[in-house]
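Here is how the chains run, residue by residue.
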Amino acid sequence: MMRIAVFASGSGSNFQAVLEACVSGIIKGEVCQVVCDKPGAYVETRAERAGVPLFSFSPSDYESKKAFETELVALLKEQQVDLIVLAGYMRLIGPVLLGAFEGRIMNIHPSLLPSFPGLRAVEQAVDAGVKVTGVTVHLVDEGMDTGPILAQKPVTIEPEDTYETTAAKIHRIEHSLYPETIEAWRKTAEERESTWQNEHS
Ligand code: GAR
């Protein structure tokens, strides 16, 4: 069973979608850890209600990113985490976490990357007047919303759409695209592992 850690900073609707997809079997895995860098964020209530272990921390309590990432790596190794899923985690991943989980950190972003990276991507798209925006799931590298793209889906912006209605459309797509992409990644990783085993047995 693939063991997933979800990192979030906000409401956690994507955490909820991934959790429910694990429970219903859409993802053959389980969410074994939630990490939140914004104490009090609603994702913490969701994690507690679901009985998922929560690590809540304030980055400002640490002397550096290296210091809190070192602690996180120890926790995630202890929890035998296979995949880190960023779900509205509004912080760049540093070299300590990237090095420990190379190719095993995934992010979801509310635009068709490489358009509109960074903060307030939905607002950026609406302000730019584009007719189509969307959702991207990608593997994380050292950049901001860069890294190999795994899946994308478009969302149309109609003339009457606002930030709120566009964000709602995007969330609806995210809640199915993220679980599907996580499960597809798991299958590919499993196949890669079994090929490796065959070649080395
Ligand atoms: C999601 O729309 C996600 O794509 C976005 O934050 C939102 C979190 O919603 N992530 C980014 O902008 C990352 N650059 P949620 O807390 O309800 O899951």
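Computed from a predicted model, the values in this text were never measured in an experiment. (Residues numbered from 1 in each chain as written. Predicted model: local features only at pLDDT ≥ 70, side-chain atom pairs only at ≥ 80, totals over all residues. Heavy atoms only, no water.)

A. Region of the structure containing the site of the ligand. With respect to spatial proximity, 13 residues lie near the ligand, and among them Gly12, Ser13, Asn14, His109 and Glu174 are the closest. One of the backbone N or O atoms of Asn14 is found 2.9 Å from an oxygen atom in the ligand. In the environment of the ligand, an oxygen atom lies 2.5 Å from a nitrogen or oxygen atom belonging to the side chain of Glu174. Burial of the ligand by the protein amounts to 88% of the accessible area it has alone, namely 450 Å². Assessed atom by atom at 2 Å from the grid points, the ligand resides in the largest pocket. Among the elements of the structure, helix H1 (13-24), strand S5 (105-109) and helix H6 (163-199) are those that each provide at least two residues to the shell around the ligand. Looking at the shell around the ligand, its residues break down into 3 nonpolar, 8 polar and 2 charged. (Near = heavy atom within 4 Å. Polar contact = N/O pair within 3.5 Å; in protein donor to acceptor, adjacent residues only side chain to side chain. Areas by Shrake-Rupley, 256 points an atom, 1.4 Å probe, with all protein chains shown as cover. 1 Å grid on protein atoms, 1.4 Å probe; cavity = no way out; pocket = protein on both sides within 12 Å on 5 of 7 lines; lining within 4 Å. Sits in = over half its atoms within 2 Å of the grid points. Helix = DSSP H or I, 4+ residues; strand = E, 2+ residues; numbered from the N terminus. Nonpolar A, V, L, I, M, F, W, Y, C, P; charged D, E, K, R; others polar.)

B. Just the environment of Val137, in detail. Relative to the helices and strands, Val137 resides in strand S6 (residues 132-139). Since its relative accessible area comes to 0%, Val137 is described here as buried. Spatially, the C-alpha atom of Val137 lies 16 Å from that of Ala21, the residues being 116 residues apart in sequence. Not counting chain neighbours up to four residues away, the residues in contact with Val137 comprise Met106, Asn107, Ile108, Ile149, Leu150, Ala151, Leu177, Tyr178 and Thr181. (Buried < 20%, exposed > 50% of the residue type's maximum accessible area, 1.4 Å probe, protein only. Contact = heavy atoms within 4.5 Å.)

C. Expanded view of the nonpolar core. Core analysis: the biggest nonpolar cluster contains 33 residues, and Ile4, Phe15, Ile27, Val31, Met106, Tyr178 and Ile182 have the highest contact counts within it. Leave out the neighbours within four places in its chain, and Ile27 touches Met2, Ile4, Val18, Ala21, Cys22, Pro179, Ile182 and Glu183. If you look at the next biggest cluster of nonpolar residues, it comprises 20 residues, including Phe68, Leu72, Val73 and Leu98. (Core = buried A, V, L, I, M, F, W, Y, C linked by side-chain atoms within 4.5 Å.)

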